[in-house]
There are 2 protein chains.
Amino acid sequence: MNKHASSPKKGRKYDQVIEGAWQVFMREGFEGASVDAIARAAGVSKATLYSYFSDKKLLFIEVARTECLRQADTAIVMGQSGQSARETLTNMAQRMVRFYLSDLGQRVFRICVAEADRFPEIGRSFYECGPELARRRVASYLQEAVARGELMIEDCQLAADQFAELCKADLFPRMMFNITDHITQDEIDRVINGAVDMFMARYGPA
Amino acid sequence: MNKHASSPKKGRKYDQVIEGAWQVFMREGFEGASVDAIARAAGVSKATLYSYFSDKKLLFIEVARTECLRQADTAIVMGQSGQSARETLTNMAQRMVRFYLSDLGQRVFRICVAEADRFPEIGRSFYECGPELARRRVASYLQEAVARGELMIEDCQLAADQFAELCKADLFPRMMFNITDHITQDEIDRVINGAVDMFMARYGPA
DNA sequence: ATGATCTTAAACTGAGCAGTTCAGTTGTCG
DNA sequence: CGACAACTGAACTGCTCAGTTTAAGATCAT
């Protein structure tokens with residue numbers, strides 16, 4: 001029985017460190033997370049932590065990458081066949097909104113935006129396996145829908161970006177600037193329906 | 001001659017402090033900006049600074065508010081009469097994009113998003129005299145356009161939010177995650193035209 | 001000019017934090 | 001068993017920074 005199957009790197013406690021670091025970074029942000037707190041949360045000594053990661057920034061990048069990959073796995077199921085464009089778009093919208101309103105989505109976004117200035121690698125690596133991935137998936141769905149004659153779109157990439165943005169209307173700024181603590185399902189439905197209506201008005205069959 | 005017309009608070013060096021703090025906060029972010037650096041940039045002693053603002057957080061809030069008001073003044077000229085809805089919307093879109101792509105807009109956003117978690121007042125106060133203000137202005141323009149029969153909108157507030165988001169498509173995420181250092185005028189035009197086209201397709205006269 | 005108020009420089013306090021070191025413990029494997 | 005590697009905890013270094021204090025200097029109104 002090989003117990004090291006999931007530890008491609010060195011040392012038995014690698015995963016523990018990543019997990020603990022993830023928790024603390026999410027809770028406190030990058031600057032706010034002390035390495036002592038991370039070590040404590042990971043149930044590991046600071047010395048061990050530093051034997052894996054030469055510094056805090058590197059640890060953060062590794063944590064971010066790990067979480068991105070995890071997310072990417074979760075989100076594979078996207079386009080289903082027997083659905084109208086309207087249904088599919090509504091579905092996608094729900095997924096997107098649920099993610100960016102989640103505690104996780106919110107915190108990730110906050111940290112990345114804050115640190116993207118100082119550490120471009122962080123922003124880039126997150127964008128690529130987060131928004132960029134979703135972006136390409138939506139665009140490729142639209143491409144197919146156009147081929148089937150369900151939609152009429154000249155610039156599918158732009159259309160995908162527009163749709164993603166429409167799903168953020170009102171809700172996203174309110175979250176980001178911490179205006180509301182709770183957002184109701186009605187508010188969400190209003191925005192999603194608004195997004196789909198608008199999208200179909202522009203790109204729906206004539 | 002009353003030289004204190006623009007200093008409703010106490011002390012002659014108030015404006016200097018705000019100005020210096022603004023510069024350093026913009027350059028370094030909230031955590032990154034040391035009070036010593038701010039005092040130096042403002043050409044003022046730390047003691048003086050602390051006689052105005054009891055702590056760093058309060059100083060930041062005041063700086064953010066001041067800058068918001070300055071922006072609000074700049075943006076008063078919004079709705080002009082003899083223009084079509086299309087023209088007016090394009091105009092508004094240009095203004096918005098120019099702002100959030102500017103160095104200033106970008107940095108303010110970054111700081112507010114990062115700190116809104118820890119200090120809700122920061123996020124709130126910025127939102128209120130920034131996005132919220134613009135939001136209400138656009139909504140009220142739409143209201144009038146509907147009254148004149150130029151547009152057909154049921155939920156003007158939602159429409160305003162949608163328009164604002166459409167203007168961010170592609171460009172905004174790329175900025176936030178630091179993917180591109182430069183964005184061309186063509187890319188901007190593509191997004192703005194796309195936003196106006198979509199908006200008119202949905203809410204334009206039948 | 002005189003007193004009140006504002007400003008200054010610089011030293012100081014107290015705290016937090018990244019990263020290091022090391023003597024000692026634990027677990028693994030031949 | 002014995003050797004080797006990973007791990008621990010706790011103390012320690014060196015730094016940065018928010019906020020305070022003090023004694024002296026500048027500015028202003030009257």
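Scope of this entry: the structure provided in the associated data block.

Calculation rules
Residues numbered from 1 in each chain as written. Chains lettered and ligands numbered in written order. Predicted model: local features only at pLDDT ≥ 70, side-chain atom pairs only at ≥ 80, totals over all residues. Heavy atoms only, no water. Axes fitted to C-alpha atoms, helices over the stretch in contact; angles between N-to-C directions. Helix = DSSP H or I, 4+ residues; strand = E, 2+ residues; numbered from the N terminus. Parallel < 35°, antiparallel > 145°, perpendicular 65-115°, else oblique. Left-handed = near helix turned anticlockwise from the far one by under 90°. Contact = heavy atoms within 4.5 Å. Nonpolar A, V, L, I, M, F, W, Y, C, P; charged D, E, K, R; others polar. Buried area = accessible area lost by both parts, 1.4 Å probe. Salt bridge = Lys/Arg side-chain N within 4 Å of Asp/Glu carboxyl O. Polar contact = N/O pair within 3.5 Å; in protein donor to acceptor, adjacent residues only side chain to side chain. Least-squares fit on C-alpha atoms with pLDDT ≥ 70 in both. Near = heavy atom within 4 Å. Buried < 20%, exposed > 50% of the residue type's maximum accessible area, 1.4 Å probe, protein only. 1 Å grid on protein atoms, 1.4 Å probe; cavity = no way out; pocket = protein on both sides within 12 Å on 5 of 7 lines; lining within 4 Å. Points joined across faces, edges and corners; volume = space filled by probe spheres on them. Expected span 1.5 Å × (residues − 1). Core = buried A, V, L, I, M, F, W, Y, C linked by side-chain atoms within 4.5 Å.

Residue and element names in this part refer to chain B. Direction vectors running N to C along helix α1 (residues 14-32) and helix α2 (residues 35-42) enclose 125 degrees, while the axes themselves pass 8 Å from each other. Taken together, α1 and α2 sit at an angle that is classed as oblique. Classified by chirality, the crossing of α2 by α1 is right-handed. Note on element contacts: α2 touches α1 through Ala 37, Ile 38, Ala 41 and Ala 42, opposite Gln 16, Val 17, Gly 20, Ala 21, Val 24 and Phe 25. When grouped by side-chain class, the residues that make up the contact of α1 with α2 number eight nonpolar, two polar and no charged.

With 45 residues of chain B at the interface, the matching set in chain A holds 44 residues. Both sides together, the interface formed by chain B and chain A hides about 4000 Å², and carbon and sulfur atoms give 62% of it. In terms of surface lost to chain A, no three residues of chain B exceed Glu 165, Phe 177 and Met 198 of chain B, which account for 18% of the buried area on that side. In this structure, the connection of chain B to chain A is made through eight salt bridges. There are 14 residue pairs in polar contact (both at pLDDT 80 or more) connecting chain B and chain A. Counting only elements with at least two residues in the side of chain B that touches chain A, the list comes to α1, α6 (103-115), α7 (120-129), α8 (131-147), α9 (156-166), α10 (171-176) and α11 (185-203) of chain B. Of all the elements, α11 of chain B adds the most residues to the side of chain B that touches chain A, at 10 residues.

Two chain copies here: they are related by a rotation about an axis and a translation along the same axis. Take chain B, turn it by 180 degrees, move it 0.1 Å along the axis, and it overlays chain A with an RMSD of 0.5 Å. Taken together, the rotation angle and the small translation identify this as a two-fold axis. An overlap of 98% is found between the interface residues of chain B and their copies at the interface of chain A, pointing to a shared contact surface.

We now examine the protein's contact with DNA strand D. By nearness alone, 18 residues border DNA strand D, and Lys 13 and Thr 48 of chain A together with Val 35, Lys 46 and Lys 56 of chain B come closest of all. Note that a phosphate oxygen of DNA strand D is positioned 3.1 Å from one of the backbone N or O atoms of Arg 12 of chain A. A distance of 3.1 Å separates a phosphate oxygen of DNA strand D from a polar atom in the backbone of Ser 45 of chain A. For the surface near DNA strand D, the elements supplying multiple residues, two or more each, are α3 (46-52) of chain A together with α3 (46-52) of chain B. Split into classes, the residues belonging to the surface near DNA strand D amount to seven nonpolar, five polar and six charged.

Residues and elements named next belong to chain A. Positioned with a positive phi, Asn 178 is a non-glycine residue whose angle comes to about 60 degrees. Counting through the fold element by element, Asn 178 comes out in the loop between α10 (171-176) and α11 (185-203). The exposure class assigned to Asn 178 is buried, which follows from its relative accessible area of 19%.

Attention now goes to the protein's contact with DNA strand C. Near DNA strand C you find 17 residues, and of these Val 35, Lys 46 and Lys 56 of chain A together with Lys 13 and Thr 48 of chain B are the closest. Restricting attention to atoms of DNA strand C within 4 Å of the protein, one finds that 67% of them are sugar or phosphate atoms. Here a base nitrogen of DNA strand C and a side-chain polar atom of Lys 46 of chain A are 2.7 Å apart. Counting only elements with at least two residues in the surface near DNA strand C, the list comes to α3 of chain A together with α3 of chain B. Residue composition of the surface near DNA strand C, by class: seven nonpolar, five polar and five charged.

All names here are of chain A. Applying the stated rule across the entire model yields one cavity of 30 Å³ or more. Within this model, the largest cavity holds a volume of roughly 30 Å³. Trp 22, Met 26, Phe 60, Val 63, Ala 64, Val 108, Ile 111, Cys 112 and Phe 126 together form the lining of the largest cavity. Those elements that place two or more of their residues in the lining of the largest cavity are α1 (14-32), α4 (56-74) and α6 (103-115). Its residues assigned to classes, the lining of the largest cavity shows nine nonpolar, no polar and no charged.

For the α-helix, the turn length of 3.6 residues means that residues three or four positions removed from each other point alike. For α11 of chain B, spanning 19 residues, the distance from its first C-alpha to its last is 27 Å, which sits close to the expected 27 Å at 1.5 Å a residue. Buried residues of α11 of chain B: Ile 188, Val 191, Ile 192, Gly 194, Ala 195, Val 196, Met 198, Phe 199, Met 200 and Tyr 203 of chain B, and no others. Close packing links the buried residues of α11 of chain B with α9 (156-166) and α11 of chain A together with α5 (85-101), α8, α9 and α10 of chain B.

Our focus in this paragraph is the nonpolar core. Residues Leu 142 and Phe 199 of chain A together with Phe 25, Leu 142 and Phe 199 of chain B are the most contacted members of the largest nonpolar core, which totals 146 residues. Ignoring anything within four residues of it in the chain, the contact list for Phe 199 of chain A reads Leu 89, Leu 142, Leu 151, Ile 153, Ala 159, Phe 163 and Gly 204 of chain A together with Met 198 of chain B.

Using the criterion set out here, one finds 39 salt bridges over all chains in the structure. A salt bridge links Arg 135 of chain A to Glu 132 of chain A, with the shortest nitrogen-to-oxygen separation between them at 3.0 Å. Of this pair, Arg 135 of chain A and Glu 132 of chain A both sit in helix α8 (residues 131-147), separated by three residues, roughly a single helical turn. Neither residue differs from the other here; Arg 135 of chain A and Glu 132 of chain A are each classed as buried. Across the pair Asp 170 of chain A and Arg 135 of chain B runs a salt bridge, and its minimum N-O distance is 3.2 Å. Of the two residues, Asp 170 of chain A is situated in the loop between α9 and α10 and Arg 135 of chain B in helix α8; the pairing between them involves two chains. Residue class for Arg 135 of chain B comes out buried when judged on its relative accessible area of 18%.

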